[in-house]
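Results of the structural survey
For reference, the chains in residue letters:
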Amino acid sequence: MVTPTTVPGPAHGDSSPHPVLRGTPVVPGLAYGPAIRLAQGVDEAAIEAFGTGGFADTEAAMAAYDVAVGLVTDGFTDKASRASGATAEVLTASAGLTRDKGLRQAVETRVEDGADLLAAVKGAVAQFVDVFTAMGGLMAERATDLLDIEARVVARLVGEPEPGVERPEVPSILIADDLAPADTAGLDPEVILALVTERGGPTSHTAIIARQLGIPCVVGCAGALQIEDGTPVLVDGAIGDVDTTVPEAQALARVEADAHERAVADAWTGPAQTTDGVGIKLLANVADGESARGAAAAPVDGIGLFRTELSFLDRRDEPSVDEQASLYAEVLQPFGEEGHYVVVRTLDAGSDKPIAFATVEDEENPALGVRGLRLSLNNPGLLERQLDAIAKAAATSSSETWVMAPMVATVAEAADFAEQVRSRGLKAGIMVEIPSAALLADRMLEVVDFLSIGTNDLTQYVMAADRMTTDLAHLTDPWQPAVLHLVARTAQAGQRAGKPVGVCGEAAADPLLAVALVGMGITSLSMAAAAVRRVGAQLSAVSLQTCRDAAEALLDAPDPQAGREAVRRVLAG
Ligand code: PEP
Ligand code: MG
């Protein structure tokens, strides 16, 4: 166990000349090195020299546009062919967006109306950005991708190189406003030690690709771009601190200690239990068969959250029961071993995860609207068909299948859902994401077999802070005491009922918080497979009593920062 170091307070209200900046931590790990800021945009002089482009007519202007689009698309496709997994998918999606017919049409219409080509490209992209932003959630985060495409197309039109990350001469901390997929995909972890962006949330492409590359990453860090190139920076991707004040020797010692901790974690193979033998189920969060097969290679006891809606984000029509069943079977299949289980979540469509065939359109306030289980109010067949498909998949596999509903608010909803699930011979549970479900946890457990706390939404609803809003990242922090008190209350209800209560939100992947969650009585933690070893290694270094002490100290803490420090103190003994 590494001796924790006291981390200085967040920048909010800090008047010192060198404040420690605080962003949203997305990939844990410590890194120290000189800052290098990403130069964004195309050389203004080249844009000026290009002027209107001097095209004879719309056809000539659009021919130039098509050539530029072709070059940018080829660049994305080429990078995608050299990447894998999420990175390749993201780059392929960018290639598709570059060639988008609707975007081309919007450019052409503007040129026909008399705009010069560069203005037409800008205007068309701005129109698409507005549409994406208005859609909110995951779509809004794609606005950065569009702006990146605009910069690349403009660069190609004026004969400049496409903007992007240049390989620094010495290993550095890359600081940017936000990173586009193509920027992030080409990053070399040998020379980019950490990523810090001023914008972007935990689901931005920066975060997704940094997670895959294993580069420590902090997003939504206001003020980061004011750090001058060459300034030594310590980035803590577990906490979100970006610190230019730490003396070099101290920073290097912390980085070394972190590297040691990572090495211990990498070598950890399970089982997940405290030093006194209390077992905790460590599970993976997955989106499809591919991620489930990947997760099976990690030391996990199964899947704690299969987000079924993620398989259907690009589908216009509801897949048939048979098609759904074969998709679900792919996720169940790798976990047939005795003692393993898979928790399938029914569609959580709506709000940040819009799905064409399910989501209610034009809601004023989709996060508080008809999402998750509520979709079955007006469309009961949607849930019934999905449950039939899950049951069909379960029947073809030897894995134990549990099913849970998202966004449950009342005991009646839980009871009705449980009846439908059990009538198909499966174990029934609900997610605790709405404060009412946590407050009524005892009664919920009278009607279901298990609970799984979704700390992402629970935090959003307890703190009345949109989980996608960068400016509110300090409120959407699962270390907020009000959230933790509801988690503890839910865990205690589980202990009284003798039924499992897990955590499947991002909080479960935080090794420090995991200790306190186990101390509260949480019985399983479900997270990205890449995070499992670190959490497992941390838990196997502490006793149940230490976990309980950590939970008690945490629940007494007045704010997230004090909570983190309190748990660190308990761990330091
Ligand atoms: C959560 O809300 O914590 C959760 C796990 O669900 P999602 O992130 O998919 O909304
Ligand atoms: Mg949720």
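Residues numbered from 1 in each chain as written. Chains lettered and ligands numbered in written order. Predicted model: local features only at pLDDT ≥ 70, side-chain atom pairs only at ≥ 80, totals over all residues. Heavy atoms only, no water.

**Considering the overall build of the protein chain**
- Secondary structure assignment for the protein chain yields 23 helices and 16 strands.
- For a compact globule of 573 residues, the expected C-alpha radius of gyration is about 25 Å, and the protein chain comes in at 25 Å, within 12% of that figure.
- Expressed along its principal axes, the backbone C-alpha trace of the protein chain runs to roughly 80 × 60 × 40 Å.
- Among the 573 residues that make up the protein chain, the fraction classed as buried is 53%.
- Residue pairs at least 24 apart in sequence account for 68% of intrachain contacts in the protein chain once pairs closer than 6 positions are excluded.
- For the protein chain, the exposed surface amounts to about 23,700 Å²; the carbon and sulfur share of it is 52%. (Helix = DSSP H or I, 4+ residues; strand = E, 2+ residues; numbered from the N terminus. Rg over C-alpha atoms; globule rule 2.2 N^0.38 Å. Buried < 20%, exposed > 50% of the residue type's maximum accessible area, 1.4 Å probe, protein only. Contact = heavy atoms within 4.5 Å. Areas by Shrake-Rupley, 256 points an atom, 1.4 Å probe, with all protein chains shown as cover.)

**A word on the nonpolar core**
- Counting residues in hydrophobic clusters, the biggest one holds 94 residues, and the most contacted among them are Leu282, Ile303, Leu451, Met520, Ile522, Leu525 and Leu539.
- Filtering out sequence-adjacent residues up to four positions away, Leu451 remains in contact with Ile430, Val432, Ala441, Met444, Leu445, Thr490, Pro500, Val501 and Gly502.
- Of all hydrophobic cores here, the second largest spans 35 residues; its members include Leu97, Phe132, Ile149 and Leu157. (Core = buried A, V, L, I, M, F, W, Y, C linked by side-chain atoms within 4.5 Å.)

**Structural notes on the pairing of strand β10 (residues 302-307)**
- The element β10 is extensively covered by neighbouring structure, given that 6 of its 6 residues are classed as buried.
- Both strand β9 (residues 281-286) and β10 contribute to a ladder of 3 bridges, which runs parallel. Paired with Val286 across the bridge in β10 is Phe306.
- At this point the chain moves from β9, through helix α11 (residues 289-295), to the parallel β10, and the crossover so formed is right-handed. (Pairing = 2+ DSSP bridges. Right-handed = clockwise from strand over helix to strand, strands pointing away.)

**Digging into the sheet that holds strand β2 (residues 24-27)**
- The 8 strands lie next to each other as β1-β8-β7-β3-β4-β5-β6-β2, forming an open sheet whose pairing is mixed. Either end of the sheet is taken by a strand with one partner, and the two such strands are β1 (21-22) and β2.
- Relative to strand β7 (residues 232-236), strand β3 (residues 30-37) is paired through 5 bridges, and the arrangement is antiparallel. Counted as the bridge partner of Gly33 is Val233 from β7.
- The strands touched by helix α10 (residues 248-267) within the sheet are β3 and β7, with β3 carrying the most contacts at an inclination of about 120 degrees. (Axes fitted to C-alpha atoms, helices over the stretch in contact; angles between N-to-C directions.)

**Thoughts on the packing of aromatic side chains**
- Per the counting criterion, the structure on display carries 5 aromatic pairs.
- Summarising the aromatic geometry, the rings of Trp402 and Phe450 are spaced 4.8 Å apart at their centres and angled 50 degrees between planes, so their arrangement reads as tilted. Within this pair, whereas Trp402 is found in strand β12 (residues 400-405), its partner Phe450 is found in strand β14 (residues 450-453), the two being separated by 48 residues in sequence. Each of the two residues, Trp402 as well as Phe450, counts as buried.
- Ring pairing ties together the aromatic residues Tyr341, Trp402 and Phe450, which thus form one cluster. (Phe/Tyr/Trp six-rings, centres within 6.5 Å; stacked < 30°, edge-to-face > 60°.)

**Some thoughts on the confidence of the model for the protein chain**
- Of the residues in the protein chain, 94% reach a pLDDT of 70 or more, and the chain-wide mean stands at 89.
- In this model residues 1-18 is a low-confidence stretch, pLDDT under 50, and it forms 32 contacts with partners more than four residues away in sequence or in other chains. (pLDDT = per-residue confidence, 0-100.)

**Quick look at the site of ligand 1**
- If you check the shell around ligand 1, you find 15 residues, and the closest are Arg307, Arg345, Lys353, Asn456 and Arg467.
- The contact in question runs from an oxygen atom of ligand 1 to an N or O atom on the side chain of Arg345, over 2.8 Å.
- A distance of 2.9 Å separates an oxygen atom of ligand 1 from a polar backbone atom of Asp457.
- When residues in the shell around ligand 1 are grouped by element, the largest group, 3 residues, is from helix α18 (residues 455-463).
- In the shell around ligand 1, the residues fall into 3 nonpolar, 4 polar and 8 charged. (Near = heavy atom within 4 Å. Polar contact = N/O pair within 3.5 Å; in protein donor to acceptor, adjacent residues only side chain to side chain. Nonpolar A, V, L, I, M, F, W, Y, C, P; charged D, E, K, R; others polar.)

**Quick look at the coordination of the magnesium ion (ligand 2)**
- Surrounding the magnesium ion (ligand 2) are the protein donor atoms Glu433 (OE) and Asp457 (OD), which sit 1.9 to 2.1 Å from the metal. Note that Glu433 is positioned in the loop between β13 (427-432) and α16 (435-439) and Asp457 in helix α18, a separation of 24 residues in sequence.
- According to the relative accessible area criterion, Glu433 is buried, its value standing at 2%.
- On the accessibility criterion, Asp457 (2% relative accessible area) is buried. (Donors = N, O, S within 2.8 Å, 3.2 Å for Na, K, Ca; no water.)

**Let's talk about the packing of helix α3 (residues 85-98) against helix α7 (residues 143-157)**
- Look at α3 against α7: their axes get within 10 Å of each other, and the N-to-C directions meet at 65 degrees. In this structure, the crossing between α3 and α7 has a hand that is right-handed. On α7, the residues that touch Ser94, Leu97 and Thr98 of α3 are Asp145, Leu146, Ile149 and Val153.
- Of the residues that constitute the contact of α3 with α7, the class distribution is 4 nonpolar, 2 polar and 1 charged. (Left-handed = near helix turned anticlockwise from the far one by under 90°.)

**As for the pairing of β14**
- On β14, burial covers both faces: Phe450 and Ser452 on one face and Leu451 and Ile453 on the other are all buried.
- Strand direction decides the pairing type here: β14 and strand β15 (residues 501-503), joined by 3 bridges, are parallel. Among the inter-strand pairings, Leu451 is bridged to a residue of β15, identified as Val501.

**Details of α18**
- Across the 9 residues that make up α18, a large majority, 7, are buried.
- For α18, the complete set of buried residues consists of Thr455, Asn456, Asp457, Leu458, Thr459, Gln460 and Tyr461.

**Comments concerning the pattern of salt bridges**
- Enumeration according to the criterion identifies 26 salt bridges in this entry.
- When the shortest N-O distance is used, the salt bridge between Asp66 and Arg104 registers 2.9 Å. Taken as a pair, Asp66 in helix α2 (residues 58-82) and Arg104 in helix α4 (residues 101-112) lie far apart in primary sequence, 38 residues in all.
- Note on Arg104: relative accessible area 28%, which makes it partly exposed.
- Across the salt bridge formed by Asp348 and Arg345, the nearest N and O atoms sit 3.7 Å from each other.
- Looking at Asp348, the relative accessible area reads 0%, which means it is buried.
- Overall, the relative accessible area of 2% leaves Arg345 in the buried class.
- Salt bridges here are not isolated pairs; linked through shared partners, they connect Glu309, Arg345, Asp348, Arg371, Asp457 and Arg467. (Salt bridge = Lys/Arg side-chain N within 4 Å of Asp/Glu carboxyl O.)

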